[in-house]
Amino acid sequence: MHLGSLQEVIDQYIHDGQSVALEGFTHLIPFAAGHEILRQKKRDLHLIRMTPDLIYDQLIGAGCARALTFSWGGNPGVGSLHRLRDAVENDWPRPLSIYEHSHAGMAAAYTAGAARLPFGILRGYVGTDLSGVNPQIREVRCPYTNAAIATVPAINPDVTVLHAQAADRQGNILIRGIVGAQKEAALAASTLIVTVEEIVESLAAPMNAIVLPHWVVTAIAEVPTGAYPSYAHGYYARDNAFYLAWDEIARDRERFTEWITRHVLCSRDHAEFLDSLAEAA
Amino acid sequence: MSVQSSSVTTYTPDEMMTIAAARLIRPGCVCFVGIGVPSAAANLARLTHAADMVLIYESGGIGTHPSVLPLSIGDGELAETAIAVVSLPEIFSCWLQAGRIDVGFLGAAQIDRFGNLNTTVIGGYRKPKTRLPGAGGAPEIAHHAKQIFVVLKQSPRSFVAKLDFCTSAGFLNGHGERARRAIPGAGPQVVITDLGVLKPATGSQELTLVARYEDVSVDRIRAATGWPLAVADTIDLVAAPTTDELRILRNLHKRTEIAHAGDARRSRKTSRPSLEQARSTA
């Protein structure tokens, strides 16, 4: 396990053209890592995330992505992701290929990926138009009953990035609260990067809390408030005012570009990003 | 617009819709809900006549008892107040897919006469006029829940003759097609709008107007529907909200507003509790 600065870790492990999953189901979204990807101007990424949220709206609007695999692309509790919409509706700033699933389909795909199975199965998608627009959604016959069942190819990201509450010095990771499909996305990846609120002597984790053991973790960076403006259970709630404000910022290409330049590209790291937001407030 | 009810209280069509939906939830019901009107209606039911209902959110909270409405599906309130918090793959495969949900509560941008739902695009998929958020949990909720309640505002834009995209299957082309395709749940058993209530007809499964609200005429409901609306022989009148229902719903919204205004202030500042403090409070 490599313990480094976020800058080092993103530079060393994320490369142009890779498939990258920044997971966290509306909770523990790795915003700081996403911003560092943006700062380092990574390009041609295939972004994977069940709920793209504001972080992928930013990466897509900044031109980092060539493709997106997702299952629900809204601003949660607020409305649209305007940069995602602009990419899909108008190819701005560049065309974006989309691979669209349902949550259940994507969960099955991550689970298969984590187990290194070729595909996941689920009862679903029957009668919907999703399989018509996503040729990855197919079906097989059950070898025992001959009943049809839907399949999705396993998702195995080149890199998965998570944000977690804590790591210990050995590199074991604790995640608590709403855990989404983080564990599956982590174990499905070739490389796993985790940012954490803090590094502690002992996790003292409840027996069944999600712990990712150190040898599956490629690199860790300590980034306090690294999920801001999303939630980190036990640390901070979502900054809902930011989510509402984003709706306005992201509607307009120029306003978006100015915001990204001022707050993300012109700040050296996450602490400076937070300072620049505080100054603007 | 607000309406004067017999109990001398004014209320909005949105409040009437939420309250009409809440009344349909039976005590003990295991209900899978999303954010928005479904969440408000389900919590209103829990705070009124269905205290023992089991609320499940797709982010993994089973038996949640939020004191305020969640801002988003990732809201910590849903985890803190739950009987159990499980992973997302588990909630979809072992709870929803396994048939353990009585009622799935869905909204949509478009619905057709057979209760099929669109939350994906307006216009063509490759060159959409409006790209909507997409499927989320809806297709499998619509597939597996024993029955579906749909809540949405009624207008010619939302009640359309032909969906631009079918995200979640209702009765497909009706006349038993859903059952023939071996979809396990019974599908949309009721559609609650801001004007009235629709249910599928026996046989054809076409959505049929069965009830209206006070001061809403059947003609107005027909005009808000993008196909020639089937109307039941007898149309029930849905009772106006009681003062208790309105008070509890409004208090819920008020508490929600106050709590979430606090969130933004707390979280913008980076003063954070230690891990030990976090453990003892979370």
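Here the structure is a predicted model, which is why all the values come from computation and not from measurement.

Digging into the environment of Met17(B)
Residue and element names in this part refer to chain B.
Reasoning step 1: Topologically, methionine 17 is positioned in helix H1 (residues 13-23).
Reasoning step 2: Looking at methionine 17, the number of C-beta atoms within 10 Å reads 25, which means it is buried.
Reasoning step 3: Taking the C-alpha atoms as reference, methionine 17 lies 17 Å from valine 103; in sequence the two are 86 residues apart.
Reasoning step 4: When residues no more than four places from it in sequence are discounted, the contact partners of methionine 17 are Val37, Val151, Ile192, Thr193 and Asp194.

Points about the domain arrangement of chain A
Residues and elements named next belong to chain A.
Reasoning step 1: Domain assignment breaks chain A into domain 1 (2-101 + 156-280) and domain 2 (103-153).
Reasoning step 2: One C-alpha centre belongs to domain 1, the other to domain 2, and the line joining them spans 27 Å.
Reasoning step 3: Taken together, the 12 residues of domain 1 in the interface contact 14 residues of domain 2.
Reasoning step 4: Those elements that provide at least two residues to the side of domain 1 that touches domain 2 are strand S7 (97-100) and helix H7 (182-188).

Quick word on the interface of chain A and chain B
Reasoning step 1: Contact with chain A, which involves 54 residues of that partner, is made by 49 residues of chain B.
Reasoning step 2: Counting only elements with at least two residues in the side of chain A that touches chain B, the list comes to helix H4 (82-90), helix H5 (103-114), helix H6 (130-133), H7, strand S13 (191-200) and helix H8 (240-251) of chain A.

Structural notes on the pairing of strand S3 (residues 45-48) of chain A
Residue and element names in this part refer to chain A.
Reasoning step 1: Alignment of strand S2 (residues 19-22) against S3, held across 3 bridges, turns out to be parallel. The residue bridging alanine 21 from the neighbouring strand is isoleucine 48, located in S3.
Reasoning step 2: Across 4 bridges, S3 lies against strand S4 (residues 65-70) in parallel orientation. Of the residues in S4, the one forming a bridge with leucine 45 is alanine 65.
Reasoning step 3: Running through helix H3 (residues 53-61), the crossover from S3 to the neighbouring parallel element S4 is right-handed.

With respect to the sheet that holds strand S10 (residues 148-153) of chain A
Residue and element names in this part refer to chain A.
Reasoning step 1: As summarised here, the arrangement of the 3 strands in space is S8-S10-S9, forming an open sheet in which the pairing is antiparallel. Looking at the sheet topology across the chains shown, the edges are occupied by strand S8 (119-122) and strand S9 (138-141). Neighbouring strand axes in the sheet, compared pairwise and without regard to direction, differ in orientation by 45° on average.
Reasoning step 2: Taken together, the 4 bridges between S9 and S10 define a ladder with antiparallel strand orientation. Paired with glutamate 139 across the strands is alanine 150, a residue of S10.
Reasoning step 3: Here H5 sits on the sheet and contacts S8 and S10; the angle it forms with S8, its principal contact strand, is near 140°.

Let's talk about the packing of helix H2 (residues 31-39) of chain A against H3(A)
Residues and elements named next belong to chain A.
Reasoning step 1: Between H2 and H3, the least distance of the axes is 10 Å, while the angle of their chain directions is 0°. As the angle between them shows, H2 and H3 are arranged roughly parallel. Here Phe31, Gly34, Ile37 and Leu38 of H2 come into contact with H3, specifically with Ile55, Gln58 and Leu59.
Reasoning step 2: Here the residues of the contact of H2 with H3 sort into 5 nonpolar, 2 polar and no charged.

A look at unusual backbone geometry
Reasoning step 1: Trp92(A) connects to Pro93(A) through a cis peptide bond whose omega is 0°.
Reasoning step 2: Position of Pro93(A) relative to the elements: it lies in the loop between H4 and S7.
Reasoning step 3: The amide bond that connects Tyr228(A) to the next residue, Pro229(A), takes the cis arrangement and shows omega of 10°.
Reasoning step 4: By secondary structure assignment, the location of Pro229(A) is in the loop between strand S15 (219-222) and H8.
Reasoning step 5: One non-glycine residue, His175(B), lies in positive phi territory at about 55°.
Reasoning step 6: Checked against the element boundaries, His175(B) lands in the loop between strand S12 (147-151) and helix H6 (177-180).
Reasoning step 7: Since 14 C-beta atoms lie within 10 Å of it, His175(B) is described here as partly exposed.
Reasoning step 8: At Ala182(B), a position not held by glycine, the phi torsion is positive, near 60°.
Reasoning step 9: Among the secondary structure elements, Ala182(B) is positioned in the loop between H6 and strand S13 (188-192).

Calculation rules
Residues numbered from 1 in each chain as written. Chains lettered and ligands numbered in written order. Predicted model: local features only at pLDDT ≥ 70, side-chain atom pairs only at ≥ 80, totals over all residues. Helix = DSSP H or I, 4+ residues; strand = E, 2+ residues; numbered from the N terminus. Buried ≥ 20, exposed ≤ 12 C-beta atoms within 10 Å, placed from the backbone. Contact = placed C-beta atoms within 7 Å. Domains from an automatic or database assignment. Pairing = 2+ DSSP bridges. Right-handed = clockwise from strand over helix to strand, strands pointing away. Axes fitted to C-alpha atoms, helices over the stretch in contact; angles between N-to-C directions. Parallel < 35°, antiparallel > 145°, perpendicular 65-115°, else oblique. Nonpolar A, V, L, I, M, F, W, Y, C, P; charged D, E, K, R; others polar.

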